[in-house]
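Structural description and commentary
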Amino acid sequence: MSQHVSLTRFLIEEERADHINADLRLLIEVVARACKTISVAVGKGALGGILGDAGTGNIQGEAQKKLDVIANEVLLEANAWGGHLAACASEEMDDPYPIPDAFPRGNFLLLFDPLDGSSNIDVNVSIGTIFSVLKCPGDVQCVDTQAFLQPGSSQVAAGYCVYGPATTLILTVGHGTHQFTLDREQGSFVLTQRDMRIPEETQEFAINMSNKRHWEAPMQAYIDDLLIGKEGPRGKNFNMRWIASMVADVHRILTRGGVFIYPWDKKDPNKPGKLRLMYEANPMSFLVEQAGGASTNGRSRIMDIPPTELHQRVPVFLGSKKEVEAVTDYHRKAD
Ligand code: AHM
Ligand code: MG
């Protein structure tokens, strides 16, 4: 008998351990299946006709890529008929998408960034899908935006799939963060790391340095201190990595530690950061905390933020616990 633990087996065992119910198990299976479909499309590259612009824009005024639109449709279609969801919300859609009347509705809400790292699609660099699951607080027949506005601490599951040299799915249901790798021959996700742990300390940071002149003073001071290295107040040298796909940068941090930062910047003072609370920051924070890391907006814990808007943006500081505490301290001391 194979020693491999498939995602299906893992989820059945989580259900037996009372960590999830059958509906949540099936919902996660459906999301994983959709990710496999997206992975196949990504793998075809130019041959699949999936590269380039879609010629449309999303609610945030960003130009959509063909793959943004395809991935969004794959996730919606896969989830519409399963019977586990009341509604979905997507970074690529203005309003929530209620499950069509033709299908039964379930008790969960699914939020996703269908294709994270859109600027990397056309250049064959890792991209991914991020998702978050909440319980539907009210009547599943009339779900509105308000139903989705729950803090990250209310998530019952979260994960992401990286479409890189290998396709990997990272998942938490609140009992650790686990890694599955897609076996392309078998077509199934196989458990390849149980209980991922982020080292508490690190000498590696990830940030888009080109925005430095737009940052707040404490943010600039923190990075200046890292760059001085061993001779400076931090007493050690730091390395830098920036892939510009949050999924890939967070994946590196879950694997070997580091701190990922997308701070507020004054390029657009009306936007409190680039990344979205509901589709990116909350699910990544849940995964990182479940792996022993930390996640703040520079001042306080991201998963405690009460959301006010579906497409709300937030500064993000996450990864190795001690380093997230260090950069958060720079901000708190300056306030
Ligand atoms: P997207 O969801 O539209 O792809 O935008 C989010 C991405 C993140 O994956 C990444 O960390 C960030 O944008 C990169 O931003 P920048 O191009 O400013 O470096
Ligand atoms: Mg994104």
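Because the structure is a prediction, the values reported are computed rather than measured. (Residues numbered from 1 in each chain as written. Chains lettered and ligands numbered in written order. Predicted model: local features only at pLDDT ≥ 70, side-chain atom pairs only at ≥ 80, totals over all residues.)

1. A word on unusual backbone geometry
- Located in the positive-phi region is Asp 18, a residue other than glycine, with phi close to 70°.
- Of note, Asp 18 is situated in the loop between helix H1 (7-16) and helix H2 (22-44).
- When the 8 C-beta atoms within 10 Å are taken as the criterion, Asp 18 is described as exposed. (Helix = DSSP H or I, 4+ residues; strand = E, 2+ residues; numbered from the N terminus. Buried ≥ 20, exposed ≤ 12 C-beta atoms within 10 Å, placed from the backbone.)

2. What to know about the sheet that holds strand E7 (residues 157-163)
- Ordered by their spatial adjacency, eight strands build an open sheet running E4-E3-E5-E6-E7-E8-E9-E10, and the pairing between neighbours is mixed. What marks the edges here is a single partner per strand, and that holds for strand E4 (97-98) and strand E10 (188-193).
- Two elements, strand E6 (residues 127-135) and E7, share seven bridges in a ladder whose sense is antiparallel. When the bridges of E7 are listed, Ile 130 appears paired with Tyr 160. (Pairing = 2+ DSSP bridges.)

3. Some remarks on helix H8 (residues 321-334)
- Here H8 is 14 residues long and its end C-alpha atoms lie 20 Å apart, about the 20 Å a rise of 1.5 Å per residue gives.
- Along H8, the residues that are buried comprise Lys 321, Glu 323, Val 324, Val 327, Thr 328 and His 331.
- Elements in contact with the buried residues of H8: helix H5 (217-228), strand E13 (259-262), strand E14 (294-296) and strand E15 (316-319). (Expected span 1.5 Å × (residues − 1). Contact = placed C-beta atoms within 7 Å.)

4. Details of the sheet that holds strand E11 (residues 204-206)
- Reading across from one edge, E12-E11-E13-E15-E14 is the order of the five strands in this open sheet, with mixed pairing throughout. This sheet does not close on itself; its edge strands, each paired only once, are strand E12 (239-240) and E14.
- Relative to E15, E13 is paired through four bridges, and the arrangement is antiparallel. Within E15, the residue paired with Ile 261 across the bridge is Phe 317.
- Against the sheet, helix H7 (residues 277-290) contacts E14 and E15, and its axis sits at roughly 25° relative to E15. (Axes fitted to C-alpha atoms, helices over the stretch in contact; angles between N-to-C directions.)

5. Some remarks on the environment of Gln 312
- Among the structural elements, Gln 312 can be located in the loop between E14 and E15.
- Each C-alpha atom, one on Gln 312 and one on Leu 275, is 8.4 Å from the other, the two residues being 37 residues apart in sequence.
- Contacts of Gln 312, omitting those with residues within four sequence positions, involve Arg 276, Leu 277, Met 278 and Pro 307.

6. What to know about the UniProt feature "binding site: substrate" (unreviewed entry) in the protein
- Summarizing the sequence annotation, UniProt attributes the feature "binding site: substrate" (unreviewed entry) to Asp 116, Gly 117, Ser 118, Ser 119, Asn 208 and Lys 274 in the numbering used throughout.
- Locating Lys 274 in the fold gives a position in the loop between E13 and H7.
- We classify Lys 274 as buried; it has 20 C-beta atoms within 10 Å.
- The contact partners of Lys 274, leaving out residues within four places of it in the chain, are Tyr 262 and Arg 313. (UniProt positions renumbered as here; feature names shortened; annotations may be inferred.)

7. Quick notes on the site of ligand 1
- Looking at ligand 1, the residues that line it are Glu 62, Asp 113, Asp 116, Gly 117, Ser 118, Ser 119, Asn 208, Ala 244, Ser 245, Met 246, Tyr 262 and Lys 274.
- Grouping the constituent residues of the shell around ligand 1 by class yields three nonpolar, five polar and four charged. (Near = placed C-beta within 6 Å. Nonpolar A, V, L, I, M, F, W, Y, C, P; charged D, E, K, R; others polar.)

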